[in-house]
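# Observations on the three-dimensional arrangement
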Amino acid sequence: MSKANLLDRRSVVSELLKDRNGTIAVGGLGASTYDIAAAGDDDRNFYLWGGMGGAVMIGLGLALAQPELPVIVITGDGEMLMGLGSLATVGVQKPANLSIVVLDNEAYGETGGQVSHTAASVDLVGVAKACGIADSRAITTMAEVEAFAVSLKEASRGPRFANVKIDGANLERVLSSRDGTFIVNRLRGSLGHQPI
Amino acid sequence: MHARTETASDSQPAWPEEIFSTLQRFDVRQVPYVPDAGHSQLIERVLGSSTMRGIPLTTEEEGVALLLGAWAGGQRGVLLMQSSGVGNCINMLSLTQIFRFPFLTLVTMRGEWGEFNPWQVPMGSNTQAAFELCGVKVLRATHPEEVREVVEAGAAQAYNAATPTAVLLSQRLIGAKVFVK
């Protein structure tokens, strides 16, 4: 089923999170969260195990609260499709420090590989552009991933959106913490905020 | 019962302004909303504020996720919506239980007190129960003179005790919407 020249999701994510410069990374539920965990645990990793469709909005709230820090949302095509409206909301707010990366394998990998809308007809880059995210691109090579990774850490000239076609391999799960209070208080602590 | 019309020619009530001052006092910074006529005065104040950011949404569940992100980044927020929007939030309200973050929403009620539009009734009748099933505490303000106190109590328990809270603003308070040709 895999086509030629599709990228490996773990290589893409570890490239995106290299030399973080304080970057906050939000991972959509499922494989995207495992990819972020595989790239290395970090106080500023915000892992999701549910809340499907909410990853971009969590990233938006973070980006508006911390305008000096790069915020990257890394999620899958299924999770993005469930929250398409959030691209419209980001397009209105236009936070310069927010980047959204969709790892698009055209399938719901976590539930048995059922095909998603991106396999048939949906062009997520087109959707993001039409929502007012001017810097929206399709990424097909590691060189493009590297360039994107550098620009997102400047926390300026966003919002930006990238759709990365990845291969459909189901990789071994790398399990992050599933404890929300731990995850959120650890991130807040790294930003100098106390628990209540 | 008093009636609300779509033209705002009559003098504006004081309670939306009281809500705005309460939110300012609690240092609320992000205010996601799906518009409702009952929230229009408050939304205008928020959009004109230099300390708050009004964030229009395409659907209410976006606001639940946004408030989690805001809190994770160190800011407080409040979600403004109408009772029908509560149904759109159900799964996303899981975030309030998992992350135990200070979730506050102010909900203008439809589907009660002289409602004209039957389509508002099913969700309006189940708004409080839906919140409670999702673990969100519910307070209600019905009369103008109690709005300040109720919103203040809601904000206090949400922000000080991280207790997810919804304040319902009764249709009796807002006035039933009048449909004229």
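About the cut-offs
Residues numbered from 1 in each chain as written. Chains lettered and ligands numbered in written order. Predicted model: local features only at pLDDT ≥ 70, side-chain atom pairs only at ≥ 80, totals over all residues. Helix = DSSP H or I, 4+ residues; strand = E, 2+ residues; numbered from the N terminus. Rg over C-alpha atoms; globule rule 2.2 N^0.38 Å. Buried ≥ 20, exposed ≤ 12 C-beta atoms within 10 Å, placed from the backbone. Contact = placed C-beta atoms within 7 Å. Core = buried A, V, L, I, M, F, W, Y, C linked by C-beta atoms within 7 Å. Nonpolar A, V, L, I, M, F, W, Y, C, P; charged D, E, K, R; others polar. Pairing = 2+ DSSP bridges. Axes fitted to C-alpha atoms, helices over the stretch in contact; angles between N-to-C directions. Parallel < 35°, antiparallel > 145°, perpendicular 65-115°, else oblique. Left-handed = near helix turned anticlockwise from the far one by under 90°. pLDDT = per-residue confidence, 0-100.

### Here's the deal with the overall build of chain B
- Within chain B, the regular secondary structure consists of 8 helices and 9 strands.
- Compactness check: chain B gives a C-alpha radius of gyration of 15 Å against a globular reference of 16 Å for 181 residues, within 12% of the reference.
- Principal-axis analysis of the C-alpha atoms places the extent of chain B at approximately 45 × 35 × 30 Å.
- Across the 181 residues that make up chain B, the buried fraction comes to 45%.
- When contacts within chain B are restricted to residue pairs at least 6 apart in sequence, long-range pairs at least 24 apart make up 77% of them.

### What to know about the overall build of chain A
- A count of helical and extended segments in chain A gives 9 helices and 8 strands.
- The C-alpha radius of gyration of chain A comes to 15 Å, within 12% of the 16 Å expected for a compact globule of 196 residues.
- C-alpha atoms of chain A, sized along the principal axes, occupy 50 × 35 × 30 Å.
- Counting every position in chain A, which comprises 196 residues, the buried fraction comes to 51%.
- Taking the intrachain contacts of chain A between residues at least 6 apart in sequence as the baseline, contacts between residues at least 24 apart amount to 75%.

### Side note on the nonpolar core
- Among the nonpolar cores identified, the biggest contains 106 residues, and Val101 and Val164 of chain A together with Leu68 of chain B are the most heavily contacted of them.
- For this core, the element with the highest residue contribution is helix 3 (residues 55-65) of chain A, accounting for 9 residues.

### Regarding the interface of chain B and chain A
- Contact residues are listed per partner, giving 26 residues for chain B and 27 residues for chain A.
- Top contributing element to the side of chain B that touches chain A by residue count: helix 3 (residues 61-72) of chain B, with 8 residues.
- Residues that form the side of chain B that touches chain A fall into these classes: 15 nonpolar, 8 polar and 3 charged.

### Description of the sheet that holds strand 3 (residues 71-76) of chain A
Residues and elements named next belong to chain A.
- Strands sit in the order 2-1-3-4-8-7 across an open sheet of 6 strands; the sheet is parallel. Every interior strand has two partners, whereas the edge strands, strand 2 (45-47) and strand 7 (135-139), have only one. Adjacent strand axes in the sheet meet at a mean angle of 15°, parallel and antiparallel pairs treated alike.
- In the sheet, strand 4 (residues 98-104) pairs with strand 8 (residues 160-165) via 6 bridges, with the strands oriented parallel. When the bridges of strand 8 are listed, Ser99 appears paired with Arg160.

### A look at helix 2 (residues 31-38) of chain A
All names here are of chain A.
- The element helix 2 is extensively covered by neighbouring structure, given that 7 of its 8 residues are classed as buried.
- For helix 2, the complete set of buried residues consists of Ala31, Ser32, Thr33, Tyr34, Asp35, Ile36 and Ala38.
- Here the buried face of helix 2 lies against helix 1 (9-16), strand 1 (24-27), strand 2, strand 3 and strand 4.
- At the C-terminal side of helix 2, Gly40 shows a positive phi close to 125°.

### Some points on the packing of helix 1 of chain A against helix 2 of chain A
All names here are of chain A.
- Taken N-terminus to C-terminus, the directions of helix 1 and helix 2 make an angle of 55°; their axes are 9 Å apart at the nearest point. If you check the angle between helix 1 and helix 2, you find them oblique. Note on packing geometry: the crossing formed by helix 1 with helix 2 is right-handed. Together, Arg9, Arg10 and Val13 of helix 1 and Ala31, Asp35, Ile36 and Ala38 of helix 2 make up the contact between the two elements.

### Some remarks on the confidence of the model for chain B
- In this model, chain B carries an average pLDDT of 94, and 94% of its residues clear a pLDDT of 70 or more.
- Reported for the predicted complex are a pTM of 0.96 and an ipTM of 0.97.

### A look at the environment of Met82 of chain A
Residue and element names in this part refer to chain A.
- Tracing the sequence through the fold places Met82 in helix 4 (residues 77-82).
- The exposure class of Met82 is partly exposed, given the 19 C-beta atoms found within 10 Å.
- Sequence separation between Met82 and Pro195 is 113 residues, and the spatial gap between their C-alpha atoms is 31 Å.
- When near neighbours in sequence (up to four residues on either side) are disregarded, Met82 contacts Met52 and Gly53.

### What about the environment of Gly51 of chain A?
- Tracing the sequence through the fold places Gly51 of chain A in the loop between strand 2 and helix 3.
- According to the C-beta neighbour criterion, Gly51 of chain A is buried, with 26 such atoms within 10 Å.
- In this structure, the C-alpha to C-alpha distance between Gly51 of chain A and Gly28 of chain A, residues 23 residues apart in sequence, is 8.6 Å.
- When residues no more than four places from it in sequence are discounted, the contact partners of Gly51 of chain A are Leu29 of chain A together with Ala65, Met92, Ser94 and Leu95 of chain B.

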